[in-house]
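Coordinate inspection notes
The chain contents come next:
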Amino acid sequence: MNRILLCEGMTDAILLSYYLERMCGWRFLKKPPKGLNIKPTSHNETVNWYTKGTDQERLLICAVGGKDNFGSFFQEKLLRPLIHSDESFEKLAIVTDIDDGTIQEIESHFHELFPPLSESFCDRKWCPATVENAYGIPTEIQTLLVTLPKNQQGALERSLLTALSENDEYDRNIIDKSRAFVHSIRPYAKRYISSDRLAQKAELNVAFAIRSPEKVFSLIDELIRSVPWDTYPTLHECFSELLEI
C-alpha cells in the first residue's frame, strides 16, 4: 500500500520525514517503486519515498514548493499515478500552515484544489474519499488535513520554536531573546524581513545559530536532524494524526 504526504517546503519535508522515521519506523527508500518515479521539477520541490515493515508499506513525502502550489503539484505529478497506476494508494495527508486563514477557509480551499477528492478534507481528522481509476472502478482513499500550528495562526517555525523552548528553561531563554532580537532589528531590515512569516523564519534561524554556532553554515537538513524533535510534546500534539499514515 502507498501513502502520500504533501507539505509546503523543504524544511517541512525534512522535519516530517525525521519525525516519522523516529516515531513510526519509516526509513528512506533509495529507489522509487516501479512505475512511480515521480520527480521534482523545480529547486523548491522535493520528492522522497520511505518504507517500513516488509517494504510493502511505502510513503511518499513531497515538498510542493510553497503554499500556493498544492493544486498544481497534485494535478501535474500525482493525479495520473493515482488514477492510472496499478499500485493502490491508501492515504493522502496534507500539512499546511494556517497563516491568515481560518480552518473552514482552508478546508474549502483544498476541496477546490483536489476535485477528484472533493469535500473530503477535514482538519485533523481522517476522512474517507472515493477516486475512480482509469477503468472507472471506484477506489477508497483516506484523506487528512493538518493545519499548523494547532489552534493558532502562524507558520511551522512557530511550532518549532515553541517545541525548542518547552523542555529546558535555558533554551527557553535563548528562544525568547532570539525573538526579541528579530523584533528589535526588523524595522532596520525591511528589505530582508518584509513579512511576519519571514520574521518567524528569522527567529528560528537566529535560535539555531546561537544553539549550534559551529553548524550555522550547515545544510538545514543537518540542523533539523540535530534536534530530538520526537521528545517535544508540542510536536506530538501537532503531528499526532500523522502517526496513522
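Keep in mind it's a predicted model, so treat the numbers as computed, not measured. (Residues numbered from 1 in each chain as written. Predicted model: local features only at pLDDT ≥ 70, side-chain atom pairs only at ≥ 80, totals over all residues. Heavy atoms only, no water.)

**Regarding the nonpolar core**
Core analysis: the biggest nonpolar cluster contains 39 residues, and L5, L20, W229, L235, F239 and L242 have the highest contact counts within it. Broken down by secondary-structure element, the contributors of at least two residues to this core are strand 1 (2-7), helix 1 (10-24), strand 4 (57-63), strand 5 (89-97), strand 7 (138-148), helix 4 (156-166), helix 6 (196-211) and helix 8 (233-239). In terms of residue count, the dominant contributor to this core is helix 1 (8 residues). Core analysis: the next-biggest nonpolar cluster, separate from the first, contains 29 residues, V47, C62, I83 and L145 among them. (Core = buried A, V, L, I, M, F, W, Y, C linked by side-chain atoms within 4.5 Å. Buried < 20%, exposed > 50% of the residue type's maximum accessible area, 1.4 Å probe, protein only. Helix = DSSP H or I, 4+ residues; strand = E, 2+ residues; numbered from the N terminus.)

**Quick word on the side chain of T51**
Looking at the element boundaries, T51 is found in strand 3 (residues 46-52). On the accessibility criterion, T51 (2% relative accessible area) is buried. Of the polar contacts made by the side chain of T51, one reaches the backbone oxygen of E57; its length is 3.0 Å. Filtering out sequence-adjacent residues up to four positions away, T51 remains in contact with G25, W26, R27, L29, E57 and R58. (Polar contact = N/O pair within 3.5 Å; in protein donor to acceptor, adjacent residues only side chain to side chain. Contact = heavy atoms within 4.5 Å.)

**So, the packing of aromatic side chains**
Applying the stated criterion to the full structure yields 8 aromatic pairs. Relative to Y232, the ring of W229 lies with its centre 5.9 Å away and its plane at 50 degrees, an arrangement referred to as tilted. No difference in accessibility class separates W229 from Y232, as the two residues are buried. Grouped by ring-pair contacts, the aromatic residues F70, F74, F110, F114 and F121 constitute a single cluster. (Phe/Tyr/Trp six-rings, centres within 6.5 Å; stacked < 30°, edge-to-face > 60°.)

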